[in-house]
Amino acid sequence: MNLVVIGATGRTGSEIVAEASGRGHDVVGVATSADTVEDVRVYPDDELPRLLEDADAAIDFTVPAATREHVERVVEAGVPYVVGTTGFGEAGLDALRGASKSIPVLKASNFARGVQALLRLVEAGVEALPEYDIELTETHHSGKRDAPSGTANTILDVVDSAARSKLDRTHGREGEHKREKSEVGVHVRRAGTVRGEHELLLAGNDEVLTLTHRAESRRVFAAGAVDAAEWLADADAGWYAFGDVL
């Protein structure tokens, strides 16, 4: 299939280019300036409309402001759209949901298969232990901009759904105050080259349960993104999640 990878020179984008090329797909890249990644030509952003003409799917791992511009071009071309960009506000998400009325859009905060399994375990754990305190810690490399991570926010959404209540997200703690039962602690660390680690802790009744996922390489995200593009290429217009692929 013909794939357009937007953000091809980024940390994850370059891995997606390598993964897709390794599977035998015809790949072109798009970035802020022309370049070459894994022997694949990368074109500047203004070439995107032309490149989409022959595309079977587009994969976007950039930043929210850029994706807001890309989505209009992808809709005009009628191309299935896989979005791994994180850090959107409501306006950005609304733009993507609006696009899904015309084209298939798959938006995910994390494309690791293990994270999908983690989300199911989180749901089961919170439902089974409704009185336990919940704390979430996530760690990423020092260059990651959004905090908490998109994956952390997805985990917290699952916690709220399983608890049948929107818990108060307490970001770190300082000073003197008692922890409230309605809280879920959220702790963010940014250091070194950590690919991504998320740990949910449930504690109560003199016991502790921890659910953890750690990515050893960005290649796991790249593989999932290409899986998503292959699956989405034959889908009808609509809003999809990575769990639909699995």
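In the nomenclature of an unreviewed UniProt entry, the protein corresponds to 4-hydroxy-tetrahydrodipicolinate reductase from the organism Natronomonas salsuginis.

K.L.:
Explanation requested: the domain arrangement of the protein in the structure shown.
P.N.:
Where interface size is given, it is often the accessible area lost as the parts come together that is meant. Segmentation of the protein into domains returns domain 1 (2–111 + 218–245) and domain 2 (113–215). Between the C-alpha centres of domain 1 and domain 2 the distance comes to 28 Å. If you look at the interface, domain 1 gives 13 residues, while domain 2 gives 13 residues. Surface buried jointly by domain 1 and domain 2 totals about 1100 Å² across both partners, of which 49% is contributed by carbon and sulfur atoms. Here Arg113 makes a salt bridge to Asp227, at a shortest N to O gap of 3.3 Å. Elements represented by at least two residues in the side of domain 1 that touches domain 2 include exactly helix H7 (219–232) and helix H8 (242–245). Here the side of domain 1 that touches domain 2 gets three residues from one element, more than from any other, and that element is H7.

K.L.:
Would you mind going over the UniProt feature "domain: Dihydrodipicolinate reductase N-terminal" (unreviewed entry) in the protein with me for this structure?
P.N.:
Mapped onto this numbering, the UniProt entry annotates "domain: Dihydrodipicolinate reductase N-terminal" (unreviewed entry) at residues 1–111. Between the first and last C-alpha atoms of residues 1–111 the distance is 20 Å; the span itself is 37% helix and 27% strand.

K.L.:
Which parts of the structure should I look at to understand helix H6 (residues 150–163)?
P.N.:
Residue pairs spaced three or four apart in an α-helix point in one direction, given the helix's 3.6 residues per turn. The terminal C-alpha atoms of H6, which comprises 14 residues, lie 20 Å apart, in line with the 20 Å expected from a rise of 1.5 Å per residue. What H6 keeps buried is the set Gly150, Thr151, Ala152, Ile155, Leu156, Val158, Val159, Asp160 and Ala162. Contacts from the buried residues of H6 go to helix H5 (113–128), strand E8 (133–140), strand E9 (168–171), strand E10 (183–190) and strand E11 (197–204). Positive phi appears at Arg164, one or two residues downstream of H6, with a value of about 55 degrees.

Rules behind the numbers
- Residues numbered from 1 in each chain as written.
- Predicted model: local features only at pLDDT ≥ 70, side-chain atom pairs only at ≥ 80, totals over all residues.
- Heavy atoms only, no water.
- Domains from an automatic or database assignment.
- Contact = heavy atoms within 4.5 Å.
- Buried area = accessible area lost by both parts, 1.4 Å probe.
- Salt bridge = Lys/Arg side-chain N within 4 Å of Asp/Glu carboxyl O.
- Helix = DSSP H or I, 4+ residues; strand = E, 2+ residues; numbered from the N terminus.
- UniProt positions renumbered as here; feature names shortened; annotations may be inferred.
- Expected span 1.5 Å × (residues − 1).
- Buried < 20%, exposed > 50% of the residue type's maximum accessible area, 1.4 Å probe, protein only.

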